[in-house]
Amino acid sequence: MVTKREEGAVQPGIRWGKFTTRIPGIHVDFSLPEIIQGGLLTTATGGVVAALTMKFFQVPFEVAWAVVLIQLFWLWVVPTVICGEPYAPGWITPALPLVMVFLGTFEAGVPAIHAMMAVTICLSAIFLFFAVTGLGNRFFQWVPVELRAAIIFGGSIAAFNAEFGRLATMPVTLSIVWAVVFLLMFSIWFTKAKQTNKVLNLLGSMALLVGFLVAAIVGPLSGELSFDIQMGWHIPQIGAYIKAVSPFFVGWPALEIYAKAFPLALMIYIFIFGDLVLGNTLLEQAGEKRTDEKIEVDNTRSHIILFIRNMGHLLMAGPFIPLHGPIWTGVHVFLTERYKSGRKNMDSIFSGTFNWYWPAFILIFMVPVVTFMKPLLAVALSITLILTGFACAYVAISMVKTPAAQGYAFFVGMVIAKFGPAWGMAVGIGLYFLLLAQKIPEKLMKPQPEEI
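Every value quoted in this text rests on a predicted model; they were computed, and no experiment measured them.

Rules and cut-offs
Residues numbered from 1 in each chain as written. Predicted model: local features only at pLDDT ≥ 70, side-chain atom pairs only at ≥ 80, totals over all residues. Heavy atoms only, no water. Core = buried A, V, L, I, M, F, W, Y, C linked by side-chain atoms within 4.5 Å. Buried < 20%, exposed > 50% of the residue type's maximum accessible area, 1.4 Å probe, protein only. Helix = DSSP H or I, 4+ residues; strand = E, 2+ residues; numbered from the N terminus. Contact = heavy atoms within 4.5 Å. Phe/Tyr/Trp six-rings, centres within 6.5 Å; stacked < 30°, edge-to-face > 60°. Axes fitted to C-alpha atoms, helices over the stretch in contact; angles between N-to-C directions. Parallel < 35°, antiparallel > 145°, perpendicular 65-115°, else oblique. Salt bridge = Lys/Arg side-chain N within 4 Å of Asp/Glu carboxyl O. Bend = angle between axes of the 7 residues up to and from the residue.

K.L.:
A description of the nonpolar core should follow, citing residues and the corresponding values.
P.N.:
In this structure, Phe-57, Trp-65, Ile-151, Ile-268, Tyr-269, Ile-321 and Val-379 are the most contacted members of the largest nonpolar core, which totals 145 residues. With 14 residues, helix α14 (residues 255-289) is the largest single contributor of residues to this core. Those residues within four positions of Phe-57 in sequence are excluded, and the remaining contacts are Leu-52, Gly-109, Ala-112, Ile-113, Met-116, Val-245, Pro-319 and Ile-321.

Take a look at the structure:
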C-alpha cells in the first residue's frame, strides 16, 4: 500500500538532512506507461555507454555491457531513490561530443581511461566547490552569453564531424534513421499533426525507440547490420570491467593530464548549470498546475549529488564517459508534461522518475535484449550524437543576436571542435575582449593632442 500524500505536501519519504529516500511500492506508486517506454529506452540508450567504452577504453562487448548495470545505480538509484532529486536524471549529453574529441587526442585504452579520470576529477572538484560556496549562480553570470553559445556550437560541430565520418560505414541505415528521428522530433508539420492525432503523438514521444526499430529493419535489408538473437540470461562481467578501467587497477593520471582536462571541465560545468536552470523551470511550470504536490528544488543539494555520482562511479568502477548530469532533457520534458495532465495520470513527479528507469535492471540481464542491442550500439551512439549536434546548433543560434556575436560564436566553436578546450577557451576569452566587450579602454577615449 503506497503512502498517500496530503494535498499540497511533499511526497512522503525518509528524510535525512537535505535528502529524502523513497522506496518504490511504499512511498511511490507504479505507473505502466512509464514502465513500458522507460525500460526499453533506458536499456537502449544505455547501450551507447557500452559502445563508447568499447571504442575509447578498448574493452570487449561482453565486458563493456557491465557498465549499463553500473551506470543505473549511479544514474538513478543514488539521485532519485536515495537522495530524492525530482529531476529525470541523465548524462551531460551536450558535452559528450567535446569529451569524445578530447579523448580522441589520447591513445585508446589506458591513456584514454586516464584522460577521462582527469576530466571526472576536475569536474567533481568544481561541483564540490560550488556546493560549498554557493557561487554557481554568480559564475554562470560571469560567463558571457556569447562564450556560452560558442561552447555549445563547439559541441554541435564536434558531433556532426563524428557522425559524418561514421556515415561511410552505414550510409543507408544511418541516413534513413536520422531522417526518421529528425521528422519525429523536429518537424514543424509533424509537431502540428501530432497535437490532434494520438498515434502520431505516441510515435513522437518514443522517437529514439522508433529510430532503433527502423535501424533493426533497414540494417539487415541493406546488408549493413546482422543479428544473432539468442535466448537465456546474461550476467554482466562486473569484476572484469572494474579490472579493466578502475584507477585501483590501471593507475591514476599524471598531473599534466589534469591541466589539459581542466578547461574542458569548466566548459562542461556551463552545460550543467544550463541543465539545472532548464530542469527547475520545467518543474516550476508544472507546479503552477499541480498545486496538490510541493516539489522541493535545492541547487546546493543538486551540486552535492552530482559530486557524489561522478566521484562515486569513478571510485567504484572507473570513469564514465558521458558523465552524470542533472537531467535527461527529453525524458524530463516528457514526464513534466504528463505530470501536468493531472494526479489521475501521474500521482507524483516521482511516479514518473521512479518508473522510467527500474525496468532496465531486468532487461539488461536478458540475453535476447543483449544480443539484439549488440549490432545496434553504433546506431544508438549515432542517434544520440546527431540529435545532440542538431539541438546544440539551434540552441546556440538562438542565444546570439548580432552579426558580430554570431560570427564570434561560430568561429570560437570551430576552434573548440578542431583544437580542443584549452585553445578554445583562450581564443574565446581573447576574441571576446577584442570584438564584443562593451567598455572601451579609457586611453582610447581620450582625445589625442594635435601635432603642430
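K.L.:
Before we move on, can you summarise the environment of Leu-128 with the specific residues and values?
P.N.:
Following the sequence through the fold, Leu-128 ends up in helix α5 (residues 110-133). A residue is classified by how much of its surface remains accessible, and Leu-128, at 39% relative accessible area, is partly exposed. It is 6.8 Å that separates the C-alpha atoms of Leu-128 and His-303, two residues lying 175 residues apart in sequence.

K.L.:
Outline the packing of aromatic side chains, listing residues and values.
P.N.:
Summed over all chains, the structure comprises 24 aromatic pairs. Aromatic side chains Phe-73 and Trp-74 sit 4.9 Å apart centroid to centroid with 90 degrees between the ring planes, which places their arrangement in the edge-to-face category. Among the residues examined, Phe-73 registers a relative accessible area of 32% and is labelled partly exposed. Judged by its relative accessible area of 10%, Trp-74 is buried. Centroid distance Phe-129 to Phe-130: 5.2 Å. Interplanar angle 70 degrees. Geometry classified as edge-to-face. Judged by relative accessible area, Phe-129 falls into the partly exposed class, the value being 44%. For Phe-130, a relative accessible area of 9% puts it in the buried group. An aromatic cluster is present here, built from Trp-76, Trp-328, Phe-350, Phe-354, Trp-356, Tyr-357 and Phe-361 joined pairwise through their rings.

K.L.:
Outline unusual backbone geometry, listing residues and values.
P.N.:
At Gln-58, a position not held by glycine, the phi torsion is positive, near 55 degrees. Among the secondary structure elements, Gln-58 is positioned in the loop between α1 (32-57) and α2 (61-64). On the basis of relative accessible area, Gln-58 is assigned to the exposed category, the value being 53%. The phi torsion at Leu-323 lies on the positive side, around 65 degrees, for a residue other than glycine. Summarising the element assignment, Leu-323 is placed in the loop between α15 (299-317) and β4 (324-325). Assessed through its relative accessible area of 1%, Leu-323 is described here as buried.

K.L.:
Any details on the environment of Gly-90? Residues and values, ideally.
P.N.:
Structurally, Gly-90 can be placed in strand β3 (residues 90-91). Sequence-distant contacts of Gly-90, defined by excluding residues within four places in its chain, comprise Leu-75, Arg-309, Leu-323, His-324, Gly-325, Pro-326, Ile-327 and Trp-328.

K.L.:
Can you break down the packing of helix α7 (residues 145-166) against α14 residue by residue, with the values?
P.N.:
Two numbers describe how α7 lies on α14: the axes approach to 10 Å, and their chain directions differ by 100 degrees. As far as their axial angle goes, α14 and α7 are roughly perpendicular. Between α7 and α14, the residues in contact are Arg-148, Ile-151 and Ile-152 and Met-267, Ile-270 and Phe-271, respectively.

K.L.:
If you had to explain the pattern of salt bridges to someone new, which residues and values would you point to?
P.N.:
Inspection of the entire model under this criterion finds 10 salt bridges. When the shortest N-O distance is used, the salt bridge between Glu-293 and Arg-5 registers 4.0 Å. Linking Glu-293 in the loop between α14 and α15 with Arg-5 in the segment before β1 (14-16), this pair joins segments that are 288 residues apart in sequence. Residue classification places Glu-293 among the buried residues on the basis of a relative accessible area of 5%.

K.L.:
If you had to explain helix α3 (residues 66-82) to someone new, which residues and values would you point to?
P.N.:
Along its length, α3 reaches its greatest deviation from straightness, about 35 degrees, at Trp-76, and the proline Pro-79 lies no more than four positions downstream. Counting buried positions over the 17 residues of α3 gives 15, a clear majority of the element. Positive backbone phi, at 80 degrees, marks Gly-84, one or two positions downstream of α3.

K.L.:
Describe the side chain of His-313, and please don't skip the residues or the numbers.
P.N.:
Along the polypeptide, His-313 turns up in helix α15. Residue contacts for His-313: discarding those within four places in its chain leaves Ile-70, Gln-71, Trp-74, Ile-308, Gly-318, Phe-320 and His-324.

By themselves, these figures tell us nothing about what the structure is for.
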